[in-house]
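Examination of the molecular architecture
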Amino acid sequence: MQRSPNTPAMHPNRFVLGGAIALVALLALASTPVGMAPLPAQYLRGGTFHSPDGWFEIHVPVNWEWFEMRDFDGTADPRWPDALNHTVGWLARDPKTFDDLVVMESYRPGGDIITESFARSFENSTRKAVEPETMSDYSYELLTISGERSLHYRYKLVRKNRSPLYRFGYITGMEHKLTLSTSDDKPEEPKRLRQIVISIGWLKAP
């Protein structure tokens, strides 16, 4: 993996993304997480999640439960992003172990290919989003997922009077960007995350 320099440029959409990932990690253990609602059944077929706007599908274990996030990006409809409210998201989790997956879709007309600059900007916005906790050991690699330039990242979250938390994620796409992320108390990335990521299917050009 390649470690980034600490000189990123800010980007408001990536601040929303980093903040939402941090927020979901705090809410995931509730029976129905605060600020979320159960996902309508029509968007699940077996273990496959079909995005309500028809842009992508991903596969997770069939017994996982799904929730749609509400009101973290203005007044966005939780089912799909638009040009004013750029990011929407969902949480999938194992109801027995509470292993979880944050799925976020963002839309920005003219969105760029993922580059080194994107990786540095994401780092900077996430550092601000997790305060007063501290993000450390951020590292990343650029790769290709489902034919699209993508970012694979990880970092450690240092928490006061608590053991550190490790976060792992992938971001892929262009105008429509898709983020899949999870957290663990161990520094090794859970195998389930990579397995879910490689199941991404774009139903339209992202």
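Looking now at the sheet that holds strand β5 (residues 65-69). Sheet strands pair via backbone hydrogen bonds, and the direction of the pair is either parallel or antiparallel. With antiparallel pairing, the eight strands of this open sheet are ordered in space as β1-β5-β6-β7-β11-β10-β9-β8. Edge positions in the open sheet fall to β1 (36-38) and β8 (134-145), since each of these has one partner strand only. Pairs of neighbouring strands in the sheet enclose a mean axial angle of 20 degrees, with direction left out of account. Across eight bridges, the pairing between strand β10 (residues 165-173) and strand β11 (residues 176-184) is antiparallel. By the bridge assignment, Tyr170 is partnered in β11 with Leu180. Contacting β8, β9 (148-158), β10 and β11, helix α2 (residues 116-129) runs over the sheet at an angle of about 150 degrees to β8.

A few words now on the environment of Glu105. Structurally, Glu105 can be placed in strand β7 (residues 100-107). For the pair formed by Glu105 and Ser51, sequence separation is 54 residues and the distance between their alpha carbons is 9.0 Å. Those residues in contact with Glu105 that lie beyond four places of it in its chain are Ser51, Asp53, Trp55, Phe56, Pro81, His86, Thr87, Val88, Trp90, His176 and Lys177.

We now examine the sheet that holds strand β12 (residues 201-202). The strand order across the open sheet built from four strands is β2-β3-β4-β12, with neighbouring strands paired in antiparallel fashion. Both edges of this open sheet fall to β2 (44-45) and β12, since each of them pairs with a single strand only. As paired strands, β2 and strand β3 (residues 48-50) are joined by two bridges and run antiparallel to one another. Looking at the pairing, Arg45 lines up with Thr48 of β3.

Rules of the game
- Residues numbered from 1 in each chain as written.
- Predicted model: local features only at pLDDT ≥ 70, side-chain atom pairs only at ≥ 80, totals over all residues.
- Heavy atoms only, no water.
- Pairing = 2+ DSSP bridges.
- Helix = DSSP H or I, 4+ residues; strand = E, 2+ residues; numbered from the N terminus.
- Axes fitted to C-alpha atoms, helices over the stretch in contact; angles between N-to-C directions.
- Contact = heavy atoms within 4.5 Å.

Geometry only, nothing functional implied.
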